Amino acid sequence: MYKRPFLFLIAISLSLTASSAAISSVAMSSPNGKLKAVLESHEGSLTYSVTYDGQVALMPSRLGMELASGSILGTDVRKMKAKRGKRDISISTPIYRKAHVEEQCLTYEVSFGDYGLDFEIYNHGIAYRWATRLGKDSITVKRELTEFVLPEDCTVTYSECNNDSEDLNTQVLNSFERPYKSLPISQMNPGRLAQGALLVTLSGNRRMLISDYNTFDYPEMMLLPEKHSLKAHFAPYPEREEVGGYHNMQWKVLKQADFIARTAATRKFPWRMVLIFDDDRQIPDCDIPFCLAEPSRIPDTSWIKPGLAAWDWWNAWNLRGVDFKAGINTQTYKFFIDFASKNGVPYVILDEGWAVEGAWDLMQVVPEINLEELVRYGKQRGVGLILWAGHTAMSRDLETVCAHYSRMGIAGFKIDYFERNDQVVMRFIERAAEACARHHLLIDYHGIFSPQGLTCTYPNVLNFEGVHGMEQLKWSPQSMDQVSHEAILPFTRQVLGPMDYTQGAMLNAAKGLYYPRYTKPMSQGTRVRQMAQYVIYDAPLAMLCDSPSNYMANQECTDFITATPTTWDEVRVIQAQVGKVIVEARRKGDNWWIAAINDWNACDISIDLSWLQGRNMLAFSDGINAEKEAEDYVASTSLTPARLSVHLAPGGGFVARITH
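Predicted model, so just to flag it, every value in this text is computed and none were measured.

Where empty space is left in the structure can be found by rolling a water-sized probe over the atoms. Enumeration according to the criterion identifies seven cavities of 30 Å³ or more in this entry. In this structure, the largest cavity occupies an estimated 270 Å³ of space. As for the largest cavity, its lining consists of 25 residues, of which Ile95, Tyr96, Thr455, Gly497 and Pro498 are closest to the centre. Where the lining of the largest cavity is concerned, the elements lending two or more residues are helix H2 (288-292), helix H8 (454-457) and strand E29 (461-464). Along the lines of polarity and charge, the residues of the lining of the largest cavity split into 18 nonpolar, four polar and three charged. In this structure, the second largest cavity spans a volume of roughly 140 Å³. Lining of the second largest cavity is provided by 16 residues; of these, Met249, Ala355, Val356, Leu362 and Trp388 occupy positions nearest its centre. No other element matches the three residues that strand E26 (residues 384-390) contributes to the lining of the second largest cavity. Among the residues forming the lining of the second largest cavity, the class breakdown is nine nonpolar, four polar and three charged.

Okay, structure coming up:
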């Protein structure tokens, strides 16, 4: 990995477009001129509209922020001043899917007096945020008047809140784990909130992704359909909380305030971004969110080591062929450590059960586990331990917990059961990231929303859940279509940041053969599909979800997975169609990995590899019987051809490693 902090080589030149003259509208454009936006004041209210290559992407959409004082930012605006600039971005990244990011945008700082709007206009996107200069005191934000008005009855690909309450302020209390689906906006449920990245299909099959980003000290934006409009909704500020929920691991909201945030009067607010793409291949390769993130606050990132983790919970601690009772005990975890060490896996996760349940006290370890002995045993074998923690237990005494386990030699924490996206939770995850960084501890956040920029600002936060991941297949009904959902994720949720999907199943089910099995779960789709997801899904800390016994019984597949990097130097999206198929090439050093997954429709793809022709290739393809027997695959070695023909079975996959 790169042993240096973010290096921001950003040249910004600002020129006044209206140094003294007041105006009632601001015309903005991207560097190449294809994306245009107009901010205007009409009858005292602010709206903005967006066109892309002459096509209307957003109709005039209102901007506004209502404060508890009664004033509404964005109303009674009759005059504005605008300052235009340019931002050339060159960023060396410590932990990302690329070693280096190059971007360019035009900036517009629009002032209305003691507050204003910042715009950044990229060739494939526009982002704006409120900027207030209201003194040294705090302000209370009652609500936002933010909307995105679509030009017609567009199809929207989205994920709903998985809380079925009819009350919107109760809906926001959810675990952010529903699969994606697609509907015309007119058919979306007007009483159901959409969360995370939302993808709109414009006429001509252009795509438009809508989300917020950089949500520090502010709740996450959710969207509610209303005719052809998507209106922002935010979780109210939690006025009273108590310990509760699953095994008392959550802070449950008992009373919500009549406002969404109390924050600094002078600050920059989160970005609202609209990204527009001509071709589906551009979506997984988009770096605009990364450019909108706050730069790293960790001066030295050399201690942060991405990699794979052997994980216990999904496979229910199941081992076979051992002479001890497998479960949450020292012997089982020593077996996991031995497996990880033998296969070059740097981490083992101790999930729920290592600490005394119900006590919400991470200083109490169950008697079946000798944690200090496991740390010593792992250190001798080059394996670090990551501990699972509930939200309440971690927040109860954050500094003491971090200091104690850092001294012991623990590598980090998987912190779970937030199930909220209000301002209080946003503050905590930032505070926990900072505390863990000071103590050189990694973080994987679970039971939570999408990362929204935190992984860029605190690179020790290696992963986030915020996705209907494969863990859901422990209990989802047979009707669940996980495969189609998986083919949507690179174009939606993953655009916002790394995604702990927890792939790697060695027990695989062809279409119609899946059924839920909690203690011995299976995936949907083929074996090779599981292997390909290690390349296609961004996860600097990626799980080996299955049992060491299953990996040992499938060593050929295991060897390939454990040799696959979790961060990359370069990405090329070769073929892509939202929800149908994606083919990517990713480079680490001098070596390349090629991967593909599809939906339930078998397909034949042709991959141009002329730029790698003649190199050595190890490839895994769906077997001839994979349509019925999902674990059927073919491994082959050859020289890389100029063009490679690949057949993907229903719910299939392909993956190859190409070396000199």
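And the narrative resumes.
Okay, the nonpolar core next. Counting residues in each nonpolar core, the largest one holds 150 residues, and the members touching the most others are Met394, Ile429 and Tyr445. Ignoring anything within four residues of it in the chain, the contact list for Ile429 reads Phe418, Tyr445, Ile448, Phe449, Leu454 and Phe464. One finds Leu39, Tyr52, Phe119 and Tyr158 within the second-largest nonpolar core, a separate group that totals 56 residues.

Now for the packing of aromatic side chains. One pass over the full model with this rule turns up 29 aromatic pairs. What links up through ring pairs into an aromatic cluster is the set Phe176, Phe418, Phe428, Tyr445, Phe449 and Phe464. The ring of Phe269 carries Arg267 above its face, with NZ or CZ at 4.4 Å from the centroid. Lying across the ring of Tyr377, Arg381 places its NZ or CZ 3.5 Å from the centre.

Under the defined criterion, the tally for this structure stands at 41 salt bridges. Among the salt bridges present, the one from Arg129 reaches Asp118, with a minimum N-O distance of 3.4 Å. Linking Arg129 in strand E12 (residues 125-144) with Asp118 in strand E11 (residues 115-122), this pair joins segments that are 11 residues apart in sequence. Exposure class is identical for Arg129 and Asp118. Each is buried. Notably, a salt bridge pairs Glu160 with Lys181, separated by 3.6 Å at the nearest N-O pair.

Look at helix H6 (residues 398-408) against helix H7 (residues 423-438): their axes get within 9 Å of each other, and the N-to-C directions meet at 30 degrees. Here H7 runs roughly parallel to H6, going by the angle between their axes. Crossing angle aside, the handedness with which H6 passes H7 is right-handed. In contact with Leu398, Glu399 and Cys402 of H6, H7 contributes Phe428, Arg431, Ala432, Ala435, Cys436 and Arg438. By residue class, the composition of the contact of H6 with H7 is six nonpolar, no polar and three charged.

This next bit is on the confidence of the model for the protein. Across the protein, the average pLDDT comes to 95, with 97% of residues at or above 70. Below pLDDT 50 for its whole length, residues 1-20 participates in 63 contacts with residues either more than four positions away or in separate chains.

With 16 residues, H7 should cover 22 Å at 1.5 Å per step; its first-to-last C-alpha distance of 23 Å lies within 8% of that length. Of the residues making up H7, those classed as buried are Gln423, Val425, Met426, Phe428, Ile429, Glu430, Ala432, Ala433, Ala435, Cys436 and Ala437. Its side-chain oxygen placed 3.1 Å from the backbone nitrogen of Val424, Asp422 serves as the N-cap of H7. Downstream of H7 by one or two residues, His440 has phi in the positive range, about 55 degrees.

What follows deals with the sheet that holds strand E28 (residues 442-445). Spatially, the seven strands line up as an open sheet ordered E29-E28-E27-E26-E25-E24-E32, and their pairing is parallel. The open sheet is flanked by E29 and strand E32 (541-544), the only strands paired with a single partner. Within the sheet, the average angular offset between the axes of one strand and its neighbour, ignoring direction, is 25 degrees.

All right, on to the sheet that holds strand E38 (residues 633-639) then. Strands sit in the order E33-E34-E35-E40-E37-E38 across an open sheet of six strands; the sheet is antiparallel. Where the open sheet ends on each side, the last strands, each with one partner, are strand E33 (570-577) and E38. Going across the sheet, the axis of each strand differs from the next one's by a mean of 10 degrees, ignoring polarity. In the sheet, strand E34 (residues 581-588) pairs with strand E35 (residues 591-598) via eight bridges, with the strands oriented antiparallel. Residue Arg586 lies in a different strand from E35, and its bridge partner there is Trp593. Against the sheet, helix H10 (residues 527-536) touches E34, E35, strand E37 (616-622), E38 and strand E40 (653-659), its axis set at about 125 degrees to E35.

Where helix H3 (residues 330-342) contacts helix H4 (residues 371-380), the axes come no closer than 10 Å and their chain directions differ by 15 degrees. Accordingly, the angle class assigned to the pair H3 and H4 is roughly parallel. With respect to the hand of their crossing, H3 and H4 are arranged in right-handed fashion. The residues of H4 that touch H3, namely those facing Thr330, Tyr333, Lys334, Ile337 and Asp338, are Glu373, Leu374, Tyr377 and Gly378.

Take the pairing of strand E27 (residues 412-416) next. Within a regular strand, side chains alternate between the sheet's two faces. Where burial is concerned, most of E27 is hidden: five out of the five residues are buried. Of the two faces of E27, the one holding Gly412, Lys414 and Asp416 and the one holding Phe413 and Ile415 are both buried throughout. The sheet contact formed by E26 and E27 spans five bridges and is parallel. Note on E27: the bridge partner recorded for Ile386 is Gly412. Strand direction decides the pairing type here: E27 and E28, joined by four bridges, are parallel. Residue pairing in the sheet places Ile415 in a bridge with Tyr445 of E28. Where the polypeptide runs from E27 across H7 and back to E28, its parallel neighbour, the crossover connection is right-handed.

Procedures and definitions
- Residues numbered from 1 in each chain as written.
- Predicted model: local features only at pLDDT ≥ 70, side-chain atom pairs only at ≥ 80, totals over all residues.
- Heavy atoms only, no water.
- 1 Å grid on protein atoms, 1.4 Å probe; cavity = no way out; pocket = protein on both sides within 12 Å on 5 of 7 lines; lining within 4 Å.
- Points joined across faces, edges and corners; volume = space filled by probe spheres on them.
- Helix = DSSP H or I, 4+ residues; strand = E, 2+ residues; numbered from the N terminus.
- Nonpolar A, V, L, I, M, F, W, Y, C, P; charged D, E, K, R; others polar.
- Core = buried A, V, L, I, M, F, W, Y, C linked by side-chain atoms within 4.5 Å.
- Buried < 20%, exposed > 50% of the residue type's maximum accessible area, 1.4 Å probe, protein only.
- Contact = heavy atoms within 4.5 Å.
- Phe/Tyr/Trp six-rings, centres within 6.5 Å; stacked < 30°, edge-to-face > 60°.
- Lys NZ or Arg CZ within 6 Å of the ring centre and 35° of its normal.
- Salt bridge = Lys/Arg side-chain N within 4 Å of Asp/Glu carboxyl O.
- Axes fitted to C-alpha atoms, helices over the stretch in contact; angles between N-to-C directions.
- Parallel < 35°, antiparallel > 145°, perpendicular 65-115°, else oblique.
- Left-handed = near helix turned anticlockwise from the far one by under 90°.
- pLDDT = per-residue confidence, 0-100.
- Expected span 1.5 Å × (residues − 1).
- Polar contact = N/O pair within 3.5 Å; in protein donor to acceptor, adjacent residues only side chain to side chain.
- Pairing = 2+ DSSP bridges.
- Right-handed = clockwise from strand over helix to strand, strands pointing away.

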